[in-house]
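Examining the three-dimensional arrangement
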Amino acid sequence: MTYADIYKRSLDDPEGFWMEQAEAIDWDRKPSKALFSDRAPLYEWFKDGLVNTCYNAVDRHVEAGNGDRVAIIYDSPVTHTKHEITYAELQTRVASLAGALRAKGIEAGDRVIIYMPMVPEALEAMLACARIGAIHSVVFGGFAANELAVRIDDATPKAIIAGSCGIEPGRVVHYKPLLDGAIELAKHKPDFCVIFQREQEVAKLIEGRDYDWHAFQYGVEPAECVPVSGDHPAYILYTSGTTGQPKGVIRATGGHLVALNWTMKNIYDVEPGDVFWAASDVGWVVGHSYICYAPLIHGNTTVVFEGKPVGTPDAGTFWRVISEHKVKSFFTAPTAFRAVKRVDPDGEFIKKYDLSCLKTVYLAGERADPDTIEWMQEHLQKPIIDHWWQTETGYTIAGNPMGIEPMRVKIGSPTVAMPGYDVQILDEGGHPVKAGELGAIAIKLPLPPGTLPNLWNAEERFIKSYLTHFPGYYETGDAGMIDEDGYLYVMARTDDVINVAGHRLSTGGMEEVLASHPDVAECAVIGVSDELKGQLPMGFLCLSNGVTRPHDEIVKEVVQKVRDQIGPVAAFKLACVVDRLPKTRSGKILRATMVSIADGKDFKMPATIDDPAILDEIKEAVAGLGYPQG
Ligand code: COA
Ligand code: AMP
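Just so it is clear, the structure is predicted and the values come from calculations on it, not from any experiment.

Cut-offs applied
- Residues numbered from 1 in each chain as written.
- Chains lettered and ligands numbered in written order.
- Predicted model: local features only at pLDDT ≥ 70, side-chain atom pairs only at ≥ 80, totals over all residues.
- Heavy atoms only, no water.
- Near = heavy atom within 4 Å.
- Polar contact = N/O pair within 3.5 Å; in protein donor to acceptor, adjacent residues only side chain to side chain.
- Areas by Shrake-Rupley, 256 points an atom, 1.4 Å probe, with all protein chains shown as cover.
- Helix = DSSP H or I, 4+ residues; strand = E, 2+ residues; numbered from the N terminus.
- Buried < 20%, exposed > 50% of the residue type's maximum accessible area, 1.4 Å probe, protein only.
- Contact = heavy atoms within 4.5 Å.
- Pairing = 2+ DSSP bridges.
- Axes fitted to C-alpha atoms, helices over the stretch in contact; angles between N-to-C directions.
- UniProt positions renumbered as here; feature names shortened; annotations may be inferred.
- Phe/Tyr/Trp six-rings, centres within 6.5 Å; stacked < 30°, edge-to-face > 60°.
- Lys NZ or Arg CZ within 6 Å of the ring centre and 35° of its normal.
- Core = buried A, V, L, I, M, F, W, Y, C linked by side-chain atoms within 4.5 Å.
- Expected span 1.5 Å × (residues − 1).
- Arc of directions from axis to C-beta.
- Nonpolar A, V, L, I, M, F, W, Y, C, P; charged D, E, K, R; others polar.
- Salt bridge = Lys/Arg side-chain N within 4 Å of Asp/Glu carboxyl O.

**Points about the site of ligand 2**
- Neighbouring ligand 2 are 15 residues; H387, T391, D478, R493 and R504 lie closest to it.
- One nitrogen or oxygen atom from the main chain of G365 is found 3.1 Å from a nitrogen atom belonging to ligand 2.
- About the coverage of ligand 2: the protein hides 92% of its 500 Å² of free accessible area.

**Brief notes about the environment of I236**
- Tracing the chain through its elements places I236 in strand β15 (residues 233–239).
- Assessed through its relative accessible area of 0%, I236 is described here as buried.
- Distance in space between the C-alpha atoms of I236 and H80 is 32 Å, their sequence separation being 156 residues.
- Excluding residues within four positions of it along the chain, I236 makes contact with R111, I135, H136, S137, V138, G248, V249 and W456.

**Focus on the sheet that holds strand β19 (residues 327–332)**
- Taken together, seven strands build an open sheet; the order of strands is β6-β5-β18-β17-β19-β20-β21 and the sheet is mixed. The open sheet has two edge strands, β6 (81–86) and β21 (384–386), and neither has a second partner. Between one strand and the next, the sheet's axes are offset by a mean angle of 20 degrees, whatever the strand orientation.
- Two strands pair when backbone bridges link them, and strand β5 (residues 70–76) and β6 are joined in this way by six bridges, in the antiparallel orientation. When the bridges of β6 are listed, I72 appears paired with I85.

**What about the side chain of T451?**
- The residue T451 is located in the loop between β25 (439–444) and α14 (459–467) in this model.
- Here T451 falls in the buried class, since its relative accessible area comes to 8%.
- From its side chain, T451 meets the backbone oxygen of P448 in a polar contact 2.6 Å long.
- If we ignore the near neighbours within four places in the chain, the residues touching T451 are R251, E392, T393, Y395 and Y421.

**Topic: the UniProt feature "domain: AMP-binding enzyme C-terminal" (unreviewed entry) in the protein**
- Per the UniProt entry, the sites bearing "domain: AMP-binding enzyme C-terminal" (unreviewed entry) are residues 510–588 in this numbering.
- Helix makes up 27% of residues 510–588 and strand 32%, and the two end C-alpha atoms of the span are 18 Å apart.

**Some details on the packing of aromatic side chains**
- The tally for this structure, following the rule as stated, stands at 35 aromatic pairs.
- For the ring pair F140 and W284, a centre distance of 4.4 Å and an interplane angle of 35 degrees mean the geometry is tilted. Taken together, the positions of F140 in the loop between β8 (135–138) and α6 (145–155) and W284 in the loop between β17 (275–278) and α9 (285–297) put the pair 144 residues apart, joining distant regions of the chain.
- Residue classification places F140 among the buried residues on the basis of a relative accessible area of 12%.
- Across from the ring centre of F36, 4.6 Å away, lies the NZ or CZ of K33, which sits over that ring.
- Lying across the ring of Y487, K410 places its NZ or CZ 4.5 Å from the centre.

**Re the nonpolar core**
- One finds L127, Y290 and F331 to be the most contacted residues of the largest nonpolar core, which totals 112 residues.
- Aside from chain neighbours lying at most four places away, what touches F331 is Y268, F276, W277, A278, A279, V286, Y290, Y362, L363, A364, H387 and W389.
- Grouped together as the second largest cluster of nonpolar side chains are 66 residues, Y115, M510, I554 and V622 included.

**Some details on helix α16 (residues 551–565)**
- End to end, α16 covers 21 Å across 15 residues, agreeing with the expected 21 Å (1.5 Å per residue, within 8%).
- Within α16 the residues assigned to the buried category are I554, V555, V558, V559 and V562. Along the long axis of α16, the arc covered by the buried residues comes to 140 degrees, so they all point the same way.
- Contact partners of the buried residues in α16: α15 (507–515), β30 (520–530), β31 (534–543) and β32 (574–577).
- Taken from the residues just after α16, G567 is the one with a positive phi, measuring 135 degrees.

**Section: the site of ligand 1**
- Taken together, 23 residues lie near ligand 1, and E168, R171, K533, R563 and K573 sit nearest.
- Between ligand 1 and the protein, one listed contact pairs a nitrogen atom with a backbone N or O atom of G142 at 3.4 Å.
- Within the side chain of K533, a nitrogen or oxygen atom sits 2.9 Å from an oxygen atom of ligand 1.
- Relative to its unbound accessible surface of 930 Å², ligand 1 loses 83% to contact with the protein.
- Taken together, the residues of the shell around ligand 1 sort by class into eleven nonpolar, six polar and six charged.

**Details of the pattern of salt bridges**
- Under the criterion given, the structure shown has 42 salt bridges.
- Salt bridges sharing partners connect three or more residues here, namely D75, K82, R320 and E324.

**Description of unusual backbone geometry**
- A cis amide bond links A40 with the next residue in sequence, P41, at an omega value of 10 degrees.
- Along the polypeptide, P41 turns up in the loop between β2 (35–36) and β3 (44–45).
- The omega torsion of the bond from T312 to P313 falls at -5 degrees, within 30 degrees of zero and hence cis.
- If you trace the backbone, P313 turns up in the loop between β18 (301–305) and α10 (317–325).
- Of note, the phi angle at K326 is positive, near 55 degrees, even though the residue is not glycine.
- Checked against the element boundaries, K326 lands in the loop between α10 and β19.
- With a phi angle near 55 degrees, Q381 is a residue other than glycine that sits in the positive phi range.

Structure follows, in structure tokens:
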């Protein structure tokens, strides 16, 4: 069957198509049907099935005689450690951890926050939760205590599992004080914490609240897999929206299993047993789907890499890992390759390694710029495949179905809509536009299985954020176009979300932090183009009347405040003081115009601008920060 046949069938007969894909999952009770529409526009998939994610990701492979197959390869240049864990070992480890959690009172439906660096134990913690039906919420290690506290209050976890530390090049990130600080800040308090002590730092445990990862497993009965219903939340993953309050994306168990399993062959073209590597972090959706769940559900070997594309120790790290572990499909964000290209423009490191095992490279997380793709094509001589997705969808919305039928690559396009996604470009009135015309990218409901059915504790926000602007559609928040051949182009966000080194961040959230500085009367944060990270946040501060302190002192303080309250991952380092912000006559800040100025792009003077002279001041301020670049 061709891609076109499969795609058409998925839209004409979603029930038949997805029930067929569900056959590849081991159910405790098979679902009677795929789609449940009784609460439309809220849809659910495989709701009346009974199933366990951990069983499908671990136990079933052992039972099928593949216990000796390597499930996880841990490769950590920052700690000079490498080791392998087979499926049989993973089963023992996860069952033991799950048993210890159960012994401390964790039951199906309880939330568990996981705050860990890139170590196999992070995956084990996720799988142990899944084993007993607990709902995990992994929080990225680059977030500060305050962000962790916000998530604790929203998810109200019974337990938190954390590492003692993370390793960033040149520094140890002390997780334990961040964890303690977050629990102190949060209104909700977990019953207990489990701390995975690393060699690089042994954290001090709080008596009665904190348990050592190993000691707390001693003598416990290993837990068996607990079947849950298809609509049971497998996890909650918080992502940035337009405000400082992150959105808790829910992933429902049944659709997650079916859809992810389908993607491994059809999109990533791997067979069970092949080595698959997503160089991301378990704190992001790419890490959830493609470091942990999909490769394991499909019986692949996954690589847990603790390092950076450059500097750990050099720009050849990616190629070393690929060649040493025989990686067949490799997936990372374009920014990682921009970092490599900057250090090794002639691809000298690439020539040092035998990359014959590598079949295809996949890019996502941000727009893949043509320069980077062309550089990779030239130096790797492999297919470089861009694909577009979001935390909300959990896997590819538009991509190149390499396992069905590799399609011609058009640079700048992540190719075509994947099965189940009826992607359309709409004008402001919600009407489909003609091929080649720009508009909002929307997906006709229902979304396919594996995508978000709702937001945690925030159904109204879910409906308002995604389903209201274009009734009958899911609003992606991205803008773009579809060409005559059906190729999609994703050009920009329609909201204030920015993408910094493949990390999704809220400028609204940063503005909330700046506005809380006592000297700041008003502020704006925009995303400016950056050669390495794609975008960087830039802040503009208007000070309260009578503030006479030196501006650079205030700038330094707000930069530190964002680092302390959101985290280093925000990469907020550019800020300046201005007298006024450009606004419309009705008082709306003209952020898009400010972005054009900072990027050195032509722009049309907004007809509703209150005072055009302010734009000269903005131009001067961004020039002071070294922008536009180059
Ligand atoms: N724990 C604690 N701090 C972290 C962290 C973590 N897990 N991850 C990043 N940080 C810190 C970094 O140390 C850095 O701090 P600094 O301001 O003190 O230097 C800051 O957060 C910004 O990190 P990062 O965005 O990673 O920038 P970088 O300059 O360290 O590296 C790249 C740039 C391009 C090499 C890096 O961003 C990268 O590898 N990106 C891959 C993209 C990716 O994984 N995307 C996920 C979606 S696919
Ligand atoms: P996240 O939820 O962190 O995965 O971020 C999702 C957002 O990243 C999307 O809405 C896009 O704005 C952007 N994005 C992800 N992948 C791509 C891609 N391949 N091309 C363009 N933008 C992308």
